[in-house]
Amino acid sequence: MEDLYIQAEAFIASMQQFEPSSSKPEKWVERLKSIKASIQSTGTYTHNSEELIFGAKLAWRNSNRCIGRHFWRQLDVFDCRSISSEDAVSQALKKHIQHAFNKGSIKSTISIFAPKDPNSKKADKVRILNHQLIRYAGFSQDDGSVLGDPHSLDFTEACLKNSWAPEPDQKTNFTPLPWAISIDGKPPSIHDVFKESPNLLNEVPLEHPENEAFKALDLKWYAMPLLSDMALVIGGIVYPCAPFNGWYMGTEIGARNLADEARYNLLPKVAECFNLDTKTDRSLWRDRAIVELNRAVLYSYDRDQIKIGDHHATTRQFENFCKRQTDPKKAITGDWTWLVPPISASQTPTFSQEFDPTVTRHTNFFYQKPQDSKAQETKEAPPPKCPYHLS
Ligand code: ARG
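The rules we used
- Residues numbered from 1 in each chain as written.
- Predicted model: local features only at pLDDT ≥ 70, side-chain atom pairs only at ≥ 80, totals over all residues.
- Heavy atoms only, no water.
- Salt bridge = Lys/Arg side-chain N within 4 Å of Asp/Glu carboxyl O.
- Buried < 20%, exposed > 50% of the residue type's maximum accessible area, 1.4 Å probe, protein only.
- Helix = DSSP H or I, 4+ residues; strand = E, 2+ residues; numbered from the N terminus.
- Core = buried A, V, L, I, M, F, W, Y, C linked by side-chain atoms within 4.5 Å.
- Contact = heavy atoms within 4.5 Å.
- Pairing = 2+ DSSP bridges.
- Axes fitted to C-alpha atoms, helices over the stretch in contact; angles between N-to-C directions.
- Near = heavy atom within 4 Å.
- Polar contact = N/O pair within 3.5 Å; in protein donor to acceptor, adjacent residues only side chain to side chain.
- Areas by Shrake-Rupley, 256 points an atom, 1.4 Å probe, with all protein chains shown as cover.
- Phe/Tyr/Trp six-rings, centres within 6.5 Å; stacked < 30°, edge-to-face > 60°.
- Lys NZ or Arg CZ within 6 Å of the ring centre and 35° of its normal.
- Right-handed = clockwise from strand over helix to strand, strands pointing away.
- Expected span 1.5 Å × (residues − 1).

We now examine the pattern of salt bridges. Inspection of every chain in the model, using the stated rule, returns 23 salt bridges. The residue D124 makes a salt bridge to R127 at a minimum N-O spacing of 2.7 Å. R127 carries the same exposure label as D124, and that label is buried. With a shortest N-O distance of 2.6 Å, R303 and E207 are connected by a salt bridge. Residue R303 is found in helix α9 (residues 285-303), and its partner E207 is found in the loop between β8 (203-205) and β9 (220-222); the two are separated by 96 residues along the sequence. The class of E207 is buried, set by a relative accessible area of 18%. Among the charged side chains, a network of salt bridges with common partners joins E207, K215, R303 and D304.

Put into structure tokens, the structure is as follows:
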């Protein structure tokens, strides 16, 4: 209880720091009084809409691993706190996708559903089990290989066990997953949204600006990353369901999703298109193939006018943003290992930047355990303390 007040206080103090100096200091004193009274009598407090909107933005600003935070003030916030039925949740999520996609001029958007009640052990009102609202399935094959995205193996299996029945010809390398929404801790229900509303699914077929053979690889990726399994915390209040999106930086797709050996592992095929010598690593075929794959990603998103950042411009903007924060109270914290891009690291300014890795706990985004986590039931050893997880 006391802890909640301390976090609320820290949040209100940050909020005050960002307000224009013209605003009256009494406003904050009054608000803290009412928060304290509310916590004393009910064990919790409720954000007003100004706090909800600013809090979501500040949580983004505090996200040490995000390279796109210079846009933190441009976040559209949907207040979905009173939504409590499955259908209404699914409607809200569809609205989120349409608003955010904006015909390719993607707008950073968050939808915030009901907060946790810190006084009760009751299950969360709304939880989404998907990692992202748009994501490709991973089907394990009899020969041990995976069709699609290996990252989605467990979730895909859970959906298949729970009534999801894609037609055999629907199972491809790029089958969009259904949504799994759980209300009040009940087993999730499965919505095959993209089958019902294919218009919601926006994808970009990949081609290379010069290499003809590349097109035959038949690759694509979805337009918009929309994370749905992280918790948003504002002034100590936890929102376990607060899906948010930005737009992609090309390397996320070209240097990780499609390139990692444990993901789509496509560099050998790309190398083939370019006739690279894959017999020895010293030909640097991987390095050459990964650059060409990243060119194809940027070229194709640009062709379709889908907003995407490149690692050079994005890191430069981020560096300038950090430099502009001259007030030490507003200094940007960061996680170097994530802020440096996975290709051409030394060619970007973040490489030689130093970051304070402190994680602001009162207002931020956190990884969280799935609601019915087996680990809890079987009393496995708790995972090592990680500052990016809810405790
Ligand atoms: N890296 C994740 C992916 O490739 C998306 C994380 C959020 N990215 C973003 N640009 N907002 O799907």
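One finds F113, W221 and Y301 to be the most contacted residues of the largest nonpolar core, which totals 54 residues. Among the secondary structure elements, those contributing two or more residues to this core are α4 (86-101), β3 (126-128), β6 (179-183), α6 (193-196), β9, α7 (250-257), α8 (267-273) and α9. For this core, the leading source of residues is α9, giving 7 residues. Ignoring any residue separated from it by four or fewer positions in sequence, one finds F113 in contact with C80, R81, I83, V89, A92, L93, V126, Y239, C241 and P243. The next biggest cluster of nonpolar side chains, apart from the first, holds 39 residues, and it includes L4, M15, I112 and L339.

To continue, consider the sheet that holds strand β16 (residues 364-366). If you walk across this open sheet you meet the 3 strands as β12-β11-β16, and the pairing is antiparallel. Unpaired on one side and paired on the other, β12 (237-239) and β16 mark the two borders of the sheet. Adjacent strand axes in the sheet meet at a mean angle of 30°, parallel and antiparallel pairs treated alike. Pairing analysis gives 3 bridges linking strand β11 (residues 231-234) to β12, with the strands arranged antiparallel. When the bridges of β12 are listed, V233 appears paired with V238. Strand contacts of helix α3 (residues 49-61): β11, β12 and β16, with the helix running at about 115° to β11, the strand carrying the most contacts.

Position of E319 among the secondary structure elements: in helix α10 (residues 311-324). Those residues within four positions of E319 in sequence are excluded, and the remaining contacts are P349 and Q353.

On to the site of the ligand. Taken together, the neighbourhood of the ligand is formed by Q132, R135, Y222, P225, L227, W247, Y248, E252 and N257. One nitrogen or oxygen atom from the side chain of Y222 is found 3.4 Å from an oxygen atom belonging to the ligand. Side-chain polar atom of N257 to an oxygen atom of the ligand: 2.8 Å apart, as the coordinates give it. Burial of the ligand by the surrounding chains reaches 72%, relative to a free accessible area of 350 Å².

Relative to the helices and strands, K279 resides in the loop between α8 and α9. Residue classification places K279 among the exposed positions, given a relative accessible area of 78%. Residues K279 and I253 lie 26 residues apart in sequence; the distance between their C-alpha atoms is 25 Å.

With that settled, consider the sheet that holds β3. One open sheet holds the 3 strands; their spatial order is β3-β6-β7, and the pairing between them is antiparallel. Of all strands in the sheet, those with a lone pairing partner are β3 and β7 (189-191), marking the two edges. Each adjacent strand pair in this sheet contributes to an overall mean axis angle of 30°, direction not counted. Pairing of β6 with β7, which is carried by 3 bridges, proceeds in the antiparallel orientation. Bridged to W179 within β7 is H191. Seen against the sheet, α4 touches β3, β6 and β7 and runs at an angle of roughly 135° to β6.

Let's shift gears to the packing of aromatic side chains. Tallied over the full model, the rule gives 18 aromatic pairs. With a centroid separation of 5.3 Å and an interplanar angle of 5°, the aromatic rings of F174 and Y264 are classed as stacked. One end of the pair, F174, is in the loop between α5 (153-161) and β6; the other, Y264, is in the loop between α7 and α8, and 90 residues separate them in sequence. Overall, Y264 belongs to the buried group, its relative accessible area being 10%. For R61, the ring lying beneath its charged end belongs to W72, and the centroid distance is 5.2 Å. Of note, R65 hangs over the ring of Y388, and the distance from its end group to the ring centre comes to 4.0 Å.

Here strand β2 (residues 109-112) shows two buried faces, one formed by T109 and S111 and the other by I110 and I112. Two strands pair when backbone bridges link them, and strand β1 (residues 76-79) and β2 are joined in this way by 4 bridges, in the parallel orientation. Across the sheet, the residue bridging to D79 is I112, located in β2. Once the chain exits β1 it traverses α4 before rejoining the sheet at β2, and the crossover so formed is right-handed.

As a further point, take the environment of I112. Along the chain, I112 falls in strand β2. Residues contacting I112, with those up to four places away along its chain left out, are L52, A56, V77, F78, D79, C80, R81, L232, Y239, C241 and A242.

Helical geometry note: an α-helix holds 3.6 residues per turn, so side chains three or four residues apart project in the same direction. Taking 1.5 Å of rise per residue, 13 residues should cover 18 Å, and α3 covers 18 Å from first to last C-alpha, within 8% of that figure. Of all 13 residues in α3, 10 are buried, a share of seventy percent or more. For α3, the complete set of buried residues consists of E51, L52, F54, G55, A56, K57, L58, A59, W60 and R61. Sitting at the head of α3, N48 places a side-chain oxygen 3.2 Å from the backbone nitrogen of E50.

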